[in-house]
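An overview of the molecular structure
One letter stands for each residue in the lines below.
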Amino acid sequence: MKRIVTLQDISCIGRCSTTVALPVISAMGVECGILPTAVLSTHTMFQNFTSKDISDQIEPISDVWEKEQITFDGIYTGYLASKEQCRQIVDFFERFRNDENIILVDPAMADNGKLYPGFDEDFPAAMAKVCAKADIILPNITEACLLTGMPYKTVYDESYIMELLKRLLDLGCQTAVLTGVSYEKDKLGFAYLDQAGNQYSYFTKKCPVSYHGTGDLYASAAFGGIMRGLDLGSALALAADFVVECIEATDRSSEARWYGVEFESQIPALCSMLENRLQE
């Protein structure tokens, strides 16, 4: 069984970050270790929330893992709490990278044209240094613009997306995946480009409703698929289809919560989708 570690916050209420990554990746048949970067009472879209940065634990935990000769087949980062923590994560990559593992960075810091609460305008430059060390990065369009300095647009064409992808590769990563791409009003998907010039895009239906945490859900399902042996395009497409299933299930549910997508009820469907793709 493959083993990965995810480095991101724990939001105690609100389906996102570690509370999404751990169950989803585990259900996909991959051991999921965690290294929390912060503990939040809720995610940052709540009107009130507490946040405890636990950067002081990253190095001691890393020291113990190194002494125990623990290795990882994959390293996956999400929400990072500060610029200093970004530096620590780069150090973590250097300590635990090997010739076989895959580093995926979801630069979770912004959406809808603006940074998340608690981040200042200098934070994207720190996150760009984390992205530079990754094999795969998964920004949305807002995050990509902040990482590259390109203007944020809500109306765009394929040339704009391709320029964003090229500039993301200039950061130093091996493959840039841009999420939330839409050329038609009823379609939504992703586009990727790698350093060898390979490119691919995939689109599914665009749901009329949205919920917090779908980016974390997407990244987790995609990385789980990669770790189970799917090629990148298939893993990303699997994740896109799964997120749509979860959004639709949330929309149908009488118990739906505005603060997060209902993924738990759809985990059996994810496992079935994964096995079908592995047999193709």
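Heads up: these notes are all about the structure in this document. None of the values given here were measured: they were computed from a predicted structure. (Residues numbered from 1 in each chain as written. Predicted model: local features only at pLDDT ≥ 70, side-chain atom pairs only at ≥ 80, totals over all residues. Heavy atoms only, no water.)

**Remarks on the overall build of the protein chain**
Along its length, the protein chain carries nine helices and 13 strands. Its C-alpha atoms put the protein chain at 50 × 45 × 40 Å along the principal axes. Residues counted as buried form 52% of the 280 residues belonging to the protein chain. Put simply, of all contacts in the protein chain between residues at least 6 apart along the chain, 67% involve residues at least 24 apart. Approximately 12800 Å² of the protein chain is accessible, and the part contributed by carbon and sulfur atoms is 47%. (Helix = DSSP H or I, 4+ residues; strand = E, 2+ residues; numbered from the N terminus. Buried < 20%, exposed > 50% of the residue type's maximum accessible area, 1.4 Å probe, protein only. Contact = heavy atoms within 4.5 Å. Areas by Shrake-Rupley, 256 points an atom, 1.4 Å probe, with all protein chains shown as cover.)

**Focus: helix H9 (residues 267-279)**
Its 13 residues place the ends of H9 19 Å apart at the C-alpha level, agreeing with the 18 Å of an ideal helix rising 1.5 Å per residue. Of all the positions in H9, only Ile267, Leu270, Met273 and Leu274 are classed as buried. Viewed end-on, H9 has its buried residues packed into an arc of 115 degrees, placing them on one side of the element. Of the exposed residues in H9, the ones pointing more than 90 degrees away from its buried face are Pro268 and Gln279. Those residues of H9 hidden inside the fold are in contact with helix H1 (18-27), helix H7 (214-227) and helix H8 (232-252). (Expected span 1.5 Å × (residues − 1). Arc of directions from axis to C-beta.)

**Some points on the environment of Val39**
Note on placement: Val39 falls in strand S4 (residues 38-42). Taking the C-alpha atoms as reference, Val39 lies 27 Å from Met227; in sequence the two are 188 residues apart. Ignoring sequence-local partners within four residues, the contact set of Val39 consists of Ile10, Cys12, Thr50, Ser51, Lys52 and Ile54.

**A word on unusual backbone geometry**
Within the chain, Gln69 stands out as a residue other than glycine whose phi angle is a positive 55 degrees. When you line up the elements, Gln69 lands in the loop between helix H2 (58-67) and strand S6 (74-77). Positive phi is not limited to glycine here, since Asn112 has a value of about 50 degrees. Mapped onto the fold, Asn112 is located in the loop between strand S8 (110-111) and strand S9 (114-115). The exposure class assigned to Asn112 is exposed, which follows from its relative accessible area of 62%.

**With respect to the pattern of salt bridges**
Per the counting criterion, the structure on display carries 14 salt bridges. Glu31 is the partner of Arg3 in a salt bridge, and the nearest nitrogen-oxygen pair spans 3.3 Å. One end of the pair, Arg3, is in strand S1 (residues 3-7); the other, Glu31, is in strand S3 (residues 31-34), with 28 residues separating them in the sequence. Using a relative accessible area of 28% as the deciding quantity, one classes Arg3 as partly exposed. Looking at Glu31, the relative accessible area reads 37%, which means it is partly exposed. Its salt-bridge partner being Asp135, residue Arg97 comes within 3.9 Å of it at the nearest N-O pair. (Salt bridge = Lys/Arg side-chain N within 4 Å of Asp/Glu carboxyl O.)

**Re the sheet that holds strand S12 (residues 187-194)**
One open sheet accounts for eight strands, arranged S3-S1-S6-S7-S10-S11-S12-S13; its pairing is mixed. For this open sheet the edge positions go to S3 and strand S13 (199-205), each flanked by a neighbour on one side alone. In terms of strand pairing, S1 meets S6 through four bridges, oriented parallel. Bridge pairing in S6 links Thr6 to Tyr76. Contacting S1, S3 and S6, H1 crosses the sheet at an angle of about 160 degrees to S3. Those strands touched by helix H6 (residues 158-170) are strand S10 (136-137), strand S11 (175-181), S12 and S13, and its axis lies near 145 degrees from that of S11. (Pairing = 2+ DSSP bridges. Axes fitted to C-alpha atoms, helices over the stretch in contact; angles between N-to-C directions.)

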